[in-house]
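Take a look at the letters that make up each chain.
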Amino acid sequence: MSSFLPEFAFSQAAVRVRFAPGVRHDTGAEVERLGCRRAIIISTPGQVAMAHDLRTDMGEFAAGVLPLAQMHTPVPVTQEAMLQVGQMDGDCLVAIGGGSTIGLAKALSLRTGLPQIVLPTTYAGSEATPVLGQTEDGVKTTLTDARIQPQVILYDAELIRSLPVSTTVASALNAMAHAAEGLYARDRNPISTLLATEGLRAFRRALPDVCRNPRDLTARGETLYGAWLCGTVLGQVGMALHHKLCHVLGGSFGLPHAETHAVMLRYTIAFNATATGALLDPIREIFDDGDIGHALAIFADGVGAPRALRDLGMREADLAGAADLAMSSAYWNPRPLIRGEILGLLRSAWAGRTVAKAARAERQSQGQMAAVVRRRHR
Ligand code: NAD
């Protein structure tokens, strides 16, 4: 069956994308191509050496390095970075790093109007979206603004070879979550479905190879290709329960972004699979398994993904608060959200229950709720 829909809307920002091992050496030329002179290079403190190498490589096209990026784009960090940007003679931004670095570049672009060139070094996919998540006073909020979509993306597989295998796996599952939720998005279109399917297929094929040999440039390139496709889906359509829960867990409870996605994926997609009919068939086909939760769990376990929220530092006592936050200003979701069921899902993910056990727990809780309703109506 094709992905055709009788009615749909499609729009795509004008973005220049290049894939090649070593393409980072063209960053200066890309600055010039944008009509700019000197770029401010953004990184995390941990990737400052990579940023300085790029600065040396870019020569006169580099204005300096700003290694301030932090996970979840805290607003006070952006404000500090703004002070430094004001003192640097730059007319564009170059972000070299993962979603945190790209988040800071977007936050700065939003406030200054400076154009962006991005060299992604994880699979998070933020480079392909006009979305920015920012954290202030313990709450993460997202905004969408076409002006913060980076103009140029340079995918250099050589840069991602240093990503540790554990982070690689978590980041890849983060990307796959964009595709999985894209398949049942309310505003999906035939192209987003094609992109999601091909993105999932790329990870299915190449991620195990990357885990076996993290320096395999071809496999790294294919997983970056998957990240671009999945990120593009994230930029095109609305996300649902999975992303909402991960934003709550990351923004309000400080859990690491990619690892949280990696743990949650099997539970949230299995939860929504009961309400999405054939929409998730691409996953069933790619993983050759009719049981979505089982398919995702086997794949994630096979590449050594983290299994439980408790292993990421989540406290059991905070699960109820997380369920409350997830229910407040909830995203649209294909399956109606009931607080008790969300709490049950979080409990399963916290303990790292098998998906089959999680489904049993869900049926039991539904049975208990039905009994309460029956008693009330007697
Ligand atoms: P990250 O950018 O924080 O990277 C994780 C760690 O790995 C960092 O310490 C980083 O310096 C290091 N690292 C990155 N690449 C490396 C490499 N090649 N070699 C060695 N170390 C490397 O993590 P992330 O998961 O990429 O991004 C998470 C952030 O991105 C979150 O704040 C999330 O909200 C945001 N995000 C935003 C969007 C969007 O569309 N707005 C999409 C996805 C993620």
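Keep in mind the model is a prediction, meaning the values are calculated, not measured.

## A closer look at the pattern of salt bridges
Reasoning step 1: Summed over the entire model, instances satisfying the criterion amount to 17 salt bridges.
Reasoning step 2: Bridged by salt links that share partners, the residues Arg 16, Arg 18, Asp 26 and Glu 30 form one connected network.

## Topic: the domain arrangement of the chain
Reasoning step 1: Each domain of the chain was delimited in the assignment, giving domain 1 (16-159) and domain 2 (165-373).
Reasoning step 2: Centre-to-centre, using C-alpha coordinates, domain 1 lies 27 Å away from domain 2.
Reasoning step 3: Facing 21 residues of domain 1, the contacting portion of domain 2 comprises 27 residues.
Reasoning step 4: Of the roughly 1900 Å² buried where domain 1 meets domain 2, counting both sides, 69% is carbon and sulfur surface.
Reasoning step 5: The three residues of domain 1 that bury the most area against domain 2 are Phe 19, Tyr 123 and Ala 157, which together make up 36% of that side's buried surface.
Reasoning step 6: Counting across the domain 1 and domain 2 interface gives 0 salt bridges.
Reasoning step 7: In terms of residue count, strand E7 (residues 139-144) provides more of the side of domain 1 that touches domain 2 than any other element does, 3 residues in total.

## Considering the site of the ligand
Reasoning step 1: For the ligand, the set of nearby residues contains 22 residues, the closest of which are Thr 44, Ser 100, Thr 121, Thr 129 and Lys 140.
Reasoning step 2: A distance of 2.8 Å is found between an oxygen atom of the ligand and a side-chain nitrogen or oxygen belonging to Gln 47.
Reasoning step 3: One nitrogen or oxygen atom from the main chain of Leu 163 is found 3.4 Å from a nitrogen atom belonging to the ligand.
Reasoning step 4: In isolation the ligand has 860 Å² of accessible area, and contact with the protein removes 84% of it.
Reasoning step 5: Residue assignment for the shell around the ligand shows that the elements contributing at least two residues are helix H4 (99-112), helix H5 (157-160) and helix H10 (257-273).
Reasoning step 6: The class makeup of the residues in the shell around the ligand is 8 nonpolar, 12 polar and 2 charged.

## Some thoughts on helix H8 (residues 217-236)
Reasoning step 1: Between its terminal C-alpha atoms H8 stretches 28 Å, which fits the 28 Å expected from 20 residues at 1.5 Å a residue.
Reasoning step 2: N-cap assignment for H8: the residue whose side-chain oxygen lies 3.0 Å from the backbone N of Thr 218 is Asp 216.

## Some points on the environment of Val 65
Reasoning step 1: Within the fold, Val 65 resides in strand E3 (residues 62-66).
Reasoning step 2: With 288 residues separating them along the chain, Val 65 and Arg 353 place their C-alpha atoms 44 Å apart.
Reasoning step 3: Those residues in contact with Val 65, other than ones at most four positions away along the chain, are Ile 41, Val 48, Ala 51, His 52, Arg 55 and Met 88.

## Observations regarding the side chain of Gln 149
Reasoning step 1: Take Gln 149: it is sitting in the loop between E7 and strand E8 (152-155).
Reasoning step 2: Beyond its immediate sequence surroundings of up to four residues, Gln 149 is in contact with Ala 13, Val 15, Gln 116, Glu 127, Ala 128, Thr 129 and Pro 130.

## Thoughts on unusual backbone geometry
Reasoning step 1: The phi dihedral of Thr 73 is positive, around 45°, even though this residue is not glycine.
Reasoning step 2: Mapped onto the elements of the fold, Thr 73 is located in the loop between E3 and helix H3 (75-87).
Reasoning step 3: On the accessibility criterion, Thr 73 (7% relative accessible area) is buried.
Reasoning step 4: One non-glycine residue, Asp 288, lies in positive phi territory at about 55°.
Reasoning step 5: Mapping Asp 288 onto the fold places it in the loop between helix H11 (281-286) and helix H12 (292-302).
Reasoning step 6: For Asp 288, a relative accessible area of 70% puts it in the exposed group.

## Some points on the pairing of strand E6 (residues 131-136)
Reasoning step 1: In terms of strand pairing, E6 meets E7 through 6 bridges, oriented antiparallel. The partner of Glu 136 across the bridge, within E7, is Val 139.
Reasoning step 2: Where E6 folds back on E7, the antiparallel hairpin that results is connected by 2 residues, among which Asp 137 adopts a positive phi of roughly 50°.

## Side note on the nonpolar core
Reasoning step 1: Counting 51 residues, the largest nonpolar core has Tyr 123, Leu 173, Phe 203, Ile 269, Leu 280, Ile 283 and Phe 287 as its most contacted members.
Reasoning step 2: Secondary structure elements with two or more residues in this core: E8, H5, helix H6 (165-183), helix H7 (190-212), H8, H10, H11 and H12.
Reasoning step 3: If you tally residues by element for this core, the top one is H6, at 10 residues.
Reasoning step 4: Two domains each provide a minimum of three residues to this core, namely domain 1 (16-159) and domain 2 (165-373).
Reasoning step 5: By size, the runner-up hydrophobic cluster in this structure holds 24 residues, among which are Val 263, Leu 343, Ala 349 and Trp 350.

What counts and what doesn't
- Residues numbered from 1 in each chain as written.
- Predicted model: local features only at pLDDT ≥ 70, side-chain atom pairs only at ≥ 80, totals over all residues.
- Heavy atoms only, no water.
- Salt bridge = Lys/Arg side-chain N within 4 Å of Asp/Glu carboxyl O.
- Domains from an automatic or database assignment.
- Contact = heavy atoms within 4.5 Å.
- Buried area = accessible area lost by both parts, 1.4 Å probe.
- Helix = DSSP H or I, 4+ residues; strand = E, 2+ residues; numbered from the N terminus.
- Near = heavy atom within 4 Å.
- Polar contact = N/O pair within 3.5 Å; in protein donor to acceptor, adjacent residues only side chain to side chain.
- Areas by Shrake-Rupley, 256 points an atom, 1.4 Å probe, with all protein chains shown as cover.
- Nonpolar A, V, L, I, M, F, W, Y, C, P; charged D, E, K, R; others polar.
- Expected span 1.5 Å × (residues − 1).
- Buried < 20%, exposed > 50% of the residue type's maximum accessible area, 1.4 Å probe, protein only.
- Pairing = 2+ DSSP bridges.
- Core = buried A, V, L, I, M, F, W, Y, C linked by side-chain atoms within 4.5 Å.

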